[in-house]
Amino acid sequence: MRMTWCMWRRSRTICLSLAFVTVSLHLLLALVTLSIPHLPCDAPLPPEMSFRVLARNASASARDGGHGEPPTDSIQGDSSSQDCRRGAKVNVQRLPYKRLTWKGDKRATENNTESNANQTERWESDMLKLKALFDHPLYNTPRPAAPEDDWLLKVKPKTKPSQRSSQMWESDTQDIYDNVQWNSSVSSQPPWLRFHLGITRWELYPHRDPNMEPLAQQLATHRIVSAVQKSGGTQLKLVMSFPNYGQALFKPKKQERDEETNYNLYYFSDFERHNAEIAAFHLDRILGYRRVPPAVGRLVDVVKEIKDVTTDRKLAKTFFNSPVGNVCFYGQCSYYCSTEHAVCGTPQDLEASLAVMLPDLSLAKRRSWRSPWRRSYSRSKLAQWETDPNYCVNVKKTPPYDKGTRLVDFIDLVVLDFLMSNLDRHHYETFEKFGNNTFLLHLDNGRAFGRHSKDEPSILAPLRQCCRIRRSTWLRLRLLSLPQYHISDVMRASLSQDPLHQVAPLLSEPHLAALSRRLKTVLETVSRCQEQHKDDAGAEDVIYDDLVDVQ
Ligand SMILES: Nc1ncnc2c1ncn2[C@@H]1O[C@H](COP(=O)(O)OP(=O)(O)OP(=O)(O)O)[C@@H](O)[C@H]1O
Ligand SMILES: [Mn+2]
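Note that the coordinates shown come from a computational prediction; the quantities given were computed from them, not determined experimentally.

1. Brief notes about the pairing of strand β4 (residues 295-301)
Here is step 1 of the chain: With six of its seven residues buried, β4 lies for the most part within the structure.
Here is step 2 of the chain: Alignment of β4 against strand β8 (residues 349-356), held across seven bridges, turns out to be antiparallel. Looking at β8, one finds that R298 is bridged to A352.

And the structure:
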């Protein structure tokens, strides 16, 4: 009896121990399983860096508004860690955005109040610089009133009531669009129409255009009544429509602000960036060109403002919910339109750029020109301009570069591209109506601002090889290199006016710093050209004097 009792006690102890071991093993297994999804991405990064990436994303706006000193370190992880970060984006993006405060937050601690005060001071100083820049005579050179032929579009004279009925059309979707009553009086016209009617032979919009603010405001806030894919091009983009018949070209966020383009990618495999489209508009205006269609940032609701309103069945089919519950879509296009490259909201909010659409091609045809300095789109071949230092001699003799301002117009575009490191300028467009004597449209800047730690000297090849630049451009570049108009500061100020700045500064500090470094390179290139041509007949050719025309 005693023996049975002993055996029973011993086997109970064994059973209990076994049960304990089993439970422990299960717990251990559960812990390991839970942590597995984070391991592959975090592992290649040193612990300090992975934390920094997350911390930066989580508090990009809280950091210091992007207005402190440029960080001394820059993230240049290897390609595998970059790819991982891209994969981890969904998790990172789920972290709530913090509102950016310029003017001191009541809830802030004393330290924060002090840094907010510094930020406010910095912001005010930057804004004053921007104002001083735009007040400068170089931005206010008087132009003679444009003759009728220099306007892209004309308002038709009023039709007689008897003719009117046959010219009117009724929309079957009248309920989502406004009932419009436009006439030749400017006050009756919506901002997008005023923008179209303001395009001339020389620029897309005038300096100090009173229409800019209402136009930006509408792009950023107007109800989106339709969203369809824009055909053509290589990457996903949508055309959005507003109730007043205005339209905008939408490009979604695909990359974090401080993420650098993978160094092993060819430029033609790079993503487009929404913030690059916005920053290009600001930079182009700061350079005094006004050749980029106005673009603003907007937080778009992927469900309410795209999925629910689209009539594009192909697009509608590509929506799905990601494993963490974000709404994603990928559309149909020749590259990057697959589940692996989907764009996702957090859970529905998606950052995007909205650029005002140019007049429809049926109203204003455009001509596309192949860039003489187009890159070879092959991984092994070089283009002729890359090996022939005298390449420009022939270009200068070839129409349309042999006459008028086409060559210096092209150099203007090259300067913009070098400053923002855009390698993707294979073509440019002009309005057909104006023939060869017109400005170049600076469209499609989505691949700019991909790298801040490296400059791309090849973009500047046309300036180096042709040694020619407009005087007005050169003078404005010199102005922007002075501390009182410093290019990085005026860009920071200009970009702070965009609605998305509330989410996070549109260009990170290293990108802003790169602008002033690159500007120095442009000015040095011009000086070297002047030095090279000092003794020959082409000395005065380096600076093309466009200012004599307007005096
Ligand atoms: N604001 C605009 N209004 C009207 N059309 C535009 C506007 N911006 C760009 N486009 C047109 O849309 C076409 C495609 O745009 P974009 O070049 O940005 O796309 P993409 O996918 O980057 O093309 P690619 O891959 O060839 O560089 C351009 O060729 C241009 O003619
Ligand atoms: Mn492009």
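Having seen the structure, we can now continue with the description.
2. Let's talk about the site of ligand 1
Here is step 1 of the chain: With respect to spatial proximity, 18 residues lie near ligand 1, and among them T234, K251, E272, E429 and D444 are the closest.
Here is step 2 of the chain: Between ligand 1 and K237, the relevant distance is 2.8 Å, taken from an oxygen atom to a side-chain nitrogen or oxygen of the residue.
Here is step 3 of the chain: A distance of 3.0 Å separates a nitrogen atom of ligand 1 from a polar backbone atom of V356.
Here is step 4 of the chain: Its residues assigned to classes, the shell around ligand 1 shows six nonpolar, four polar and eight charged.

3. Some points on the UniProt feature "binding site: Mn(2+)" (unreviewed entry) in the chain
Here is step 1 of the chain: Following the UniProt record, the feature "binding site: Mn(2+)" (unreviewed entry) maps to E272 and D444 here. Spanning 173 residues, the named residues form one tight spatial group whose C-alpha atoms are at most 9.0 Å apart.
Here is step 2 of the chain: In this structure, E272 sits in the loop between β3 (247-252) and α10 (274-286).
Here is step 3 of the chain: The residues contacting E272, other than those within four sequence positions of it, are Q235, K251, K254, D444, G446 and R447.
Here is step 4 of the chain: Following the sequence through the fold, D444 ends up in the loop between β10 (427-431) and α16 (461-466).
Here is step 5 of the chain: A distance of 3.3 Å separates the side chain of D444 from the side chain of K251, its partner in a polar contact.

4. A look at the sheet that holds strand β5 (residues 320-321)
Here is step 1 of the chain: With antiparallel pairing, the three strands of this open sheet are ordered in space as β5-β6-β7. Both edges of this open sheet fall to β5 and β7 (343-344), since each of them pairs with a single strand only.

Rules behind the numbers
Residues numbered from 1 in each chain as written. Chains lettered and ligands numbered in written order. Predicted model: local features only at pLDDT ≥ 70, side-chain atom pairs only at ≥ 80, totals over all residues. Heavy atoms only, no water. Buried < 20%, exposed > 50% of the residue type's maximum accessible area, 1.4 Å probe, protein only. Helix = DSSP H or I, 4+ residues; strand = E, 2+ residues; numbered from the N terminus. Pairing = 2+ DSSP bridges. Near = heavy atom within 4 Å. Polar contact = N/O pair within 3.5 Å; in protein donor to acceptor, adjacent residues only side chain to side chain. Nonpolar A, V, L, I, M, F, W, Y, C, P; charged D, E, K, R; others polar. UniProt positions renumbered as here; feature names shortened; annotations may be inferred. Contact = heavy atoms within 4.5 Å.

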